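The lines below spell out each chain.
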Amino acid sequence: MVTIPAGERDSFGSTIGVIAAAAGSAVGLGNIWRFPYVLGENGGGAFLLIYLGFILAIGFPVMLTEFTIGRRAQRNALGSFKKLAPGKPWYLIGLMGIVAAFLILAFYSTIAGWTLEYLYESITNGFSGKSSVELKNSFESFQAAPFRPVFWQFIFMFLTGYIVFSGVKNGIEKYTKVLMPILLLIIIIISVRSLTLEGSREGLIFLFKPDFSKISWSVVLDALGQAAFSLSIGMGTLITYGSYINKSNNLPRTAFQVSAIDTFIAILAGIMIFPAVFAFNIDPAEGSGLVFIVLPNIFQQMPGGYFFAILFFTLLAIAALTSTVSVLEVVVAYFSEELNLSRKKATIIGSVAISVVGIFATLSFGPLAKYKLLDKTIFGWFDYLSANILLPLGAIFIVLFAGWYLGRKNVLDEISNGGLLKIRIISVFMFIIKFLAPIAITAVFIYGLGLM
Ligand code: PFF
């Protein structure tokens, strides 16, 4: 095992930096692209309620657990388990996280690439004069093209690699601290615009009014998968970020703030999109093209649309970038600490390898669309496997590790900063990570996957 002398590891420089980076990871395409369409496909308000339940009862505790493990061990996602449980098989959780990172980034960079194409189109006024049908067709033909989407995917991976290359403090923290406030401002501006559209009421009803007849176990599994994906939990991203957090940081508070910001932005994304979807008579269950088809349509028809289109796709690109950076960091931290590569080499190898896998995800909307297994394309499998299987599974093992292996004494010592902070919720927290979260996730798995 490589031992890195204390003080040599990169770290975040301030609490604001920690929050910007972790919220940057959590807030992403998951909130603005994935959440609205998964909610749309699963019937709206009732899905939202279950989703919120999962964020509070499982998402937030798992996030805190990941920070705790990472900060205790001061290592990457796999090395943390090796260090805290030497000679035991717990490190396999970390290995699963590295695999998940590859899968997620491979399909995530596809969509991230689309945002750049759409940003480019909106700047060059490419939507102008197109009817809804034409907009839908041009999205579909862009998606299915063999080169253009791959080109944008590579550009996006390059940007991601560029930030990670520069390090934790001088790369990730520096950029997320500037980008996150911009993101927040843009999303608020567009939500206000959307709410003032005529006919927006129906969209709000769809988003907020629960209709429990829509609930099935697969909807519940989707809500759990979406909650895990959105908070970036279950694969060691937050273990990795946790390992860069200063020993005096208040971890429960940070985890709570990050979970709250993420949830707030997902709801704002719903408020931004559904009123518009209904105001323009579009099917909320449109699927993964929802924001790319719906929004250009609306921007076309509303005053100031040119300006709002640029704002929106800038928002999407920023949200995606601060998340892709965190996923790449999982791989880079692992490569550099466990395989002894320099950060720069690790970044290059990691980004190139992921980009290559990513081509398959991107082309599964075009040339590879016919390769399907159980009705899912390669992209569909990367998404389903990572969000609905690997992340919840990772979350189960992460909490079991902290709850049963590390145990109350170690966990309390770490989250209370060696006894300096008063942690009133410790018993509730231990109960959640030892029993509630693992049992609940297992149950959702069994039913949601149709195993029973
Ligand atoms: N949380 C990100 C989003 O909502 O877009 C996606 C993500 C990032 C998932 C990092 C997992 C992860 F480790």
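Thresholds, definitions, all that
Residues numbered from 1 in each chain as written. Predicted model: local features only at pLDDT ≥ 70, side-chain atom pairs only at ≥ 80, totals over all residues. Heavy atoms only, no water. Helix = DSSP H or I, 4+ residues; strand = E, 2+ residues; numbered from the N terminus. 1 Å grid on protein atoms, 1.4 Å probe; cavity = no way out; pocket = protein on both sides within 12 Å on 5 of 7 lines; lining within 4 Å. Points joined across faces, edges and corners; volume = space filled by probe spheres on them. Nonpolar A, V, L, I, M, F, W, Y, C, P; charged D, E, K, R; others polar. Axes fitted to C-alpha atoms, helices over the stretch in contact; angles between N-to-C directions. Parallel < 35°, antiparallel > 145°, perpendicular 65-115°, else oblique. Contact = heavy atoms within 4.5 Å. Expected span 1.5 Å × (residues − 1). Bend = angle between axes of the 7 residues up to and from the residue. Near = heavy atom within 4 Å. Polar contact = N/O pair within 3.5 Å; in protein donor to acceptor, adjacent residues only side chain to side chain. Areas by Shrake-Rupley, 256 points an atom, 1.4 Å probe, with all protein chains shown as cover. Sits in = over half its atoms within 2 Å of the grid points.

Asks: Even after reading the chapter, I still don't get the environment of Ile271, so can you show me in this structure?
Replies: Tracing the backbone shows Ile271 in helix α12 (residues 251–279). Put simply, Ile271 and Ser194 are 77 residues apart on the chain and 7.4 Å apart in space, counted from C-alpha to C-alpha.

Asks: Please explain unusual backbone geometry as it appears in this structure.
Replies: With glycine set apart, most residues show a phi of negative sign, and most peptide bonds adopt trans. With phi around 60°, Asn125 is a residue other than glycine that occupies positive phi space. At Asn417, a residue that is not glycine, the phi angle is positive and equals roughly 55°. Structurally, Asn417 is set in the loop between α16 (378–415) and α17 (426–448).

Asks: What am I meant to see in empty space enclosed by the protein here?
Replies: To find leftover empty space, one rolls a probe the size of a water molecule over the atoms. Applying the stated rule across the entire model yields five cavities of 30 Å³ or more. For the largest cavity, the calculated volume is near 150 Å³. What lines the largest cavity is a set of 18 residues, and nearest its centre among them are Ser25, Ile104, Phe229, Ser232 and Val327. Residue assignment for the lining of the largest cavity shows that the elements contributing at least two residues are α1 (15–26), α2 (29–41), α5 (91–123), α10 (217–231) and α14 (305–338). Across the lining of the largest cavity, the residue classes tally to nine nonpolar, nine polar and no charged. Its volume calculated, the second largest cavity comes out at about 50 Å³. Of all elements in the fold, only α8 (168–195), α12 and α13 (290–301) reach the threshold of two or more residues within the lining of the second largest cavity. Classifying every residue of the lining of the second largest cavity gives eight nonpolar, one polar and one charged.

Asks: Is there a simple way to explain the packing of α2 against α16 in this structure?
Replies: A pair of packed helices is captured by two measures, namely the crossing angle of their axes and the spacing between those axes. One can describe the packing of α2 onto α16 by two numbers: an axis separation of 15 Å at closest approach and a directional angle of 90°. With respect to their mutual orientation, α2 and α16 come out roughly perpendicular. Seen from α2, the contacting residues are Trp33, Arg34 and Tyr37; seen from α16, they are Phe379, Asp383, Ala387 and Asn388.

Asks: What's the story with helix α15 (residues 343–363) in this structure? I'm lost.
Replies: The terminal C-alpha atoms of α15, which comprises 21 residues, lie 30 Å apart, in line with the 30 Å expected from a rise of 1.5 Å per residue. The largest bend in α15 amounts to roughly 25° and is located at Val357. On its buried side, α15 packs onto α5, α6 (132–144), α7 (148–165), α14 and α16.

Asks: Even after reading the chapter, I still don't get the site of the ligand, so can you show me in this structure?
Replies: The environment of the ligand is formed by 16 residues, the closest being Ala26, Gly30, Tyr108, Phe229 and Thr237. Here an oxygen atom of the ligand sits 2.6 Å away from a polar atom, N or O, in the main chain of Gly30. Between the ligand and the protein, one listed contact pairs an oxygen atom with a side-chain N or O atom of Asn31 at 3.3 Å. Burial of the ligand by the protein chains amounts to 100% of its free accessible area of 340 Å². Of the pockets mapped on this structure, the ligand occupies the largest cavity. Going through the elements one at a time, α1, α2, α5, α10 and α14 are the ones with two or more residues in the shell around the ligand. Broken down by class, the residue content of the shell around the ligand amounts to seven nonpolar, nine polar and no charged.

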